[in-house]
Amino acid sequence: MTESFPRLHARTRRFTLGVPRNFTISPDGGRVTFLRTRSGTDPVTCLWELDVASGAERLVVDPLALGAADEDLPPEERARRERSRESAGGVVAYATDRAVRQAVFALSGELYLAGLASGEVRRLPAAGPVIDPRLDPTGARVAYVTGGALHVLDISTGTDTGADTLLAEPENDLVTYGLAEFIAAEEMERMRGYWWSPSGDRLLVARADESPVPLWHIADPANPDRQPVPQRYPAAGTANAEVTLHVIGLDGARTAVPFEQEYLVTAAWDAHGLAIVTLARDQRTMRLLSADPDTGETTLLREDTDPAWVDIVAGVPARLSDGRLVWVADADGGHRLVVGDEPVTPPSLQVRAVLDVDGDTVLFQASGEPTEIHLWTYSAGIVSAVTTEPGVHSGRRAGGVTLVARQSLDTEGMTVTVGSASINNLAERPGLEPRVSLVRAGSRDLSTAILLPSWHVPGSGPLPVLMDPYGGPHAQRVLSARRMFLESQWWAEQGFAVIVADGRGTPGRGPAFEREMLHDFTISLQDQVDALQGAAALHPDDLDLSRVAIRGWSFGGYLAALAVLRRPDVFHAAVAGAPVTDWRLYDTCYTERYLGHPDEGHYERSSLLGDAEKGDAEKLERPLLLIHGLADDNVVAAHTLRLSSALLAAGRAHTVLPLSGVTHMTPQEVVAENLLLLQLDFLKKSLGLS
């Protein structure tokens, strides 16, 4: 193992640079537009196009050629990238017309239009720094947001002199038109706030009013001369932004589209009409509504309910060419694809997302074995597997052509194929090969990965153990893909037996398994202990249970701190990065989905502050390193600071590492590199390792 891995891991943004992404297939299936940086260490994302017949790639947009070497992003765009976990720069998003002949994108706040056939790229005039530009389906106009206002620019003349129309102007500084509010972007994966009509003559626009949301301040103690940054943060039990919908014509005529439930999940506007999806505040009821764009009148198409919560599934609603609804719903113990009113997949196949509807063919992701994600199609009443090789697959489909992106344990990186053509993956080679075994461990048969050092001979002697989980609901770490275990293998090479386990609440095993997380996050700790004991039973001569450490970030940071506070008999040291320590300080949508409203009484059981304040000598004996970015606007630094204060009051020695100017993502190269090395040093000293 080379000492350069932490630096390479940081410089490559966890080996994501150089990986092709954001694919769009032309309607005839002949071309694929996509994003990719020029190399595995280049952070500037370019726009490319693949000719499927010849397999030739063509560079369409190089931001450096446009003079955008140093990005100057408006605050709204920085926030959008934080919500989407975007760590690269350059052209990080684009939108095309229906024919995929043109693409628009924002670069350093400027608006650009690319002719995909001609290769011509030109800057368009805009009223201010541009956020989320989108072409109308006909390609005649571009909508964009600036300063919270929605504009439409006419480009039908092919010149830069088209009319720029202000369609919706915010009434005050707390109102935006056409942008996703914090909760939609952070927790519902809705990154947009407006939708074009199929004919391009009007738009459905979300208006978000943040005035009811509590005002917080993100300070920078390292620079006391700077003003704290104000932020509206909807903490659990408090008010969300008020979101309303309006159909707005190009002449400014406005029609309200009222809905009753708290959350706007998504919208879809196609040849079969306008539809919106809404979710109740308690997330136990979801409604799919059709809307008349002329009157704003809505009609209930379906209502899904669940005593715990209803899942938000990507890619729905959608329609087949004959207008039949494509949906995903829970039935008979499984997440099932629904066409019309009928589930068409078996309960044993857990549908994860709908990727595309191409005429009468639905392309979707699903899992039988939870560590694998495969592509399937539904067409003419038949469900067919597109991929069968072990691994994690995603894809797109249009014009009868299917793009397949595959990761696996037996291949390095990701392969992307479209028919007989392929798209090059330029990611750096990590210089290590995960030595990973995927098993079912413990009394609950939990999906578990066990990684040993490449130099370790099984049975030659016990190794200290490092638990390396995320552990939270709706997220998986144990998947049949090498990229999931690169960092874990580096830890193994430092002399640890590394265990990564997915407990209850994680996807791929059906609704009942996921909903066991309801009202109690601490079951995630029970499952980590169960997985540890199960792994030790499989490797009795390789795991030293007298030296067990745990590390994690975000929910994983919460889990790491919880482990040494509540199970010091099992865990002997912990590194907790950006941990949620008091769930009343985390956001409404995520926290209330699992713990309910704070008044229901489920928060104290899952809080870390009560454990710190008990003063139990046994619970105050294990080394704990708390790491937190002071600029984190997702899990704010108050979480770590309050836990630290409580630990200090209880007389427990611990270590706090504050990161000035660092957000929840820790994208800075030097910070990310040194964080790995500092954690290693802390855990080795804590476990008494040389």
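In this report, the structure presented in the accompanying data block is examined. (Residues numbered from 1 in each chain as written. Predicted model: local features only at pLDDT ≥ 70, side-chain atom pairs only at ≥ 80, totals over all residues. Heavy atoms only, no water.)

With respect to the overall build of the protein chain
- Within the protein chain, the regular secondary structure consists of 12 helices and 44 strands.
- Taking 690 residues into account, the globule formula puts the C-alpha radius of gyration at 26 Å, and the protein chain, at 25 Å, falls close to it.
- Viewed in the frame of its principal axes, the protein chain has a C-alpha envelope of about 70 × 55 × 55 Å.
- For the protein chain, buried positions account for 59% of its 690 residues.
- Considering only residue pairs separated by 6 or more positions, the protein chain has 59% of its internal contacts joining residues 24 or more positions apart.
- In the structure as shown, the protein chain presents an accessible area of about 25,900 Å², 49% of it carried by carbon and sulfur atoms.
- Of the side chains in the protein chain, 62 bear a positive and 92 a negative charge, and the two mean positions are spaced by 3 Å. (Helix = DSSP H or I, 4+ residues; strand = E, 2+ residues; numbered from the N terminus. Rg over C-alpha atoms; globule rule 2.2 N^0.38 Å. Buried < 20%, exposed > 50% of the residue type's maximum accessible area, 1.4 Å probe, protein only. Contact = heavy atoms within 4.5 Å. Areas by Shrake-Rupley, 256 points an atom, 1.4 Å probe, with all protein chains shown as cover. Lys, Arg positive; Asp, Glu negative; His and termini not counted. Charge placed at Lys NZ, Arg CZ, Asp CG, Glu CD.)

Let's talk about the sheet that holds strand β30 (residues 361-367)
- Pairing is antiparallel across the open sheet formed by 4 strands, whose spatial order is β29-β30-β31-β32. Edge positions in the sheet fall to β29 (350-358) and β32 (382-385), since each of these pairs with one other strand and no more. Neighbouring strand axes in the sheet, compared pairwise and without regard to direction, differ in orientation by 25° on average.
- As judged from the 7 bridges shared by β29 and β30, these two strands associate in the antiparallel manner. (Pairing = 2+ DSSP bridges. Axes fitted to C-alpha atoms, helices over the stretch in contact; angles between N-to-C directions.)

Quick look at the side chain of Thr146
- Looking at the secondary structure, you find Thr146 in strand β11 (residues 141-146).
- Separated by 2.8 Å, the side chain of Thr146 and the backbone oxygen of Pro129 make a polar contact.
- If sequence neighbours within four positions are ignored, Thr146 has contacts with Ala127, Gly128, Pro129 and His151. (Polar contact = N/O pair within 3.5 Å; in protein donor to acceptor, adjacent residues only side chain to side chain.)

Quick word on the packing of helix α6 (residues 523-538) against helix α7 (residues 555-566)
- Between α6 and α7, whose axes approach to 10 Å, the crossing angle comes to 75°. Judged on the interaxial angle alone, α7 and α6 are roughly perpendicular. For the pair formed by α6 and α7, the contact residues are Ser524, Leu525 and Gln528 on the first element and Phe555, Leu559, Leu562, Ala563 and Arg566 on the second. (Parallel < 35°, antiparallel > 145°, perpendicular 65-115°, else oblique.)

What about the packing of aromatic side chains?
- All chains considered together, the criterion is met by 23 aromatic pairs.
- An angle of 65° between the planes, with centres 6.1 Å apart, marks the rings of Trp491 and Phe496 as edge-to-face. For the pair Trp491 and Phe496, one class covers both residues: buried.
- Joined through ring pairs, the aromatic side chains of Trp309, Tyr470, Phe521, Phe555, Tyr558, Trp583, Tyr586, Tyr590 and Tyr594 make up one cluster.
- Over the face of the ring belonging to Phe513 we find Arg509, whose NZ or CZ atom lies 4.3 Å from the ring centre. (Phe/Tyr/Trp six-rings, centres within 6.5 Å; stacked < 30°, edge-to-face > 60°. Lys NZ or Arg CZ within 6 Å of the ring centre and 35° of its normal.)

Focus on the packing of helix α4 (residues 486-493) against helix α12 (residues 669-687)
- For the pair α4 and α12, the least separation of the axes is 12 Å and the interaxial angle reads 40°. Taken together, the axis directions place α4 and α12 in an arrangement best described as oblique. Relative to α12, the crossing made by α4 is right-handed. Contacts between α4 and α12 involve Glu487, Trp490 and Trp491 from the former and Leu676, Leu677, Gln679, Leu680 and Leu683 from the latter.
- Its residues placed into classes, the contact of α4 with α12 shows 6 nonpolar, 1 polar and 1 charged. (Left-handed = near helix turned anticlockwise from the far one by under 90°. Nonpolar A, V, L, I, M, F, W, Y, C, P; charged D, E, K, R; others polar.)

Details of the nonpolar core
- Ranked by size, the top nonpolar core spans 88 residues in total, and within it Trp327, Leu337, Phe364, Phe521, Phe571 and Trp583 carry the most contacts.
- With 9 residues, α7 is the largest single contributor of residues to this core.
- In this structure, Leu337 is in contact with Val326, Trp327, Val328, Glu342, Pro343, Val344, Thr345, Val351, Val354, Val362, Phe364 and Tyr378, ignoring residues within four places of it in sequence.
- Val436, Met484, Phe496 and Ile627 belong to the second largest nonpolar core, which has 36 residues in total. (Core = buried A, V, L, I, M, F, W, Y, C linked by side-chain atoms within 4.5 Å.)

Quick look at α6
- Taking 1.5 Å of rise per residue, the 16 residues of α6 would be expected to cover 22 Å, and the 23 Å separating its terminal C-alpha atoms lies within 8% of that figure.
- Regarding α6, the residues found buried are Ile523, Ser524, Leu525, Asp527, Gln528, Val529, Asp530, Ala531, Leu532, Gly534, Ala535 and Ala536.
- On its buried side, α6 packs onto β37 (436-441), β38 (446-451), β39 (463-467), β40 (497-502), β41 (543-553) and α7. (Expected span 1.5 Å × (residues − 1).)

Section: the pattern of salt bridges
- Under the criterion given, the structure shown has 49 salt bridges.
- Two residues, Arg287 and Glu303, come together in a salt bridge whose shortest N-O distance is 2.8 Å. Of this pair, Arg287 sits in strand β23 (residues 285-291) while Glu303 sits in strand β24 (residues 298-305), and the two are 16 residues apart along the sequence.
- Residue Arg287 is classed as partly exposed on the basis of its relative accessible area, which comes to 23%.
- If you follow the salt bridges from partner to partner, you end up with Arg444, Arg504, Glu516, Asp527 and Asp530 in one network. (Salt bridge = Lys/Arg side-chain N within 4 Å of Asp/Glu carboxyl O.)

Topic: the sheet that holds strand β13 (residues 164-168)
- One open sheet holds the 4 strands; their spatial order is β10-β11-β12-β13, and the pairing between them is antiparallel. Looking along the sheet, the strands with just one partner apiece sit at the ends: β10 (131-135) and β13. Here the strands of the sheet are splayed against their neighbours by 25° on average, with no regard to which way each runs.
- Sheet topology note: the β11/strand β12 (residues 149-154) ladder contains 6 bridges and is antiparallel. When the sheet's bridge partners are listed, Val142 is paired in β12 with Leu153.

Considering the environment of Asp201
- Secondary-structure assignment places Asp201 in the loop between β15 (194-196) and β16 (202-209).
- Overall, the relative accessible area of 36% leaves Asp201 in the partly exposed class.
- Along the backbone, Asp201 and Gly162 are 39 residues apart, and their C-alpha atoms lie at a distance of 16 Å.
- Within the local environment of Asp201, its side chain forms a polar contact with the side chain of Ser197, the two groups lying 2.7 Å apart.

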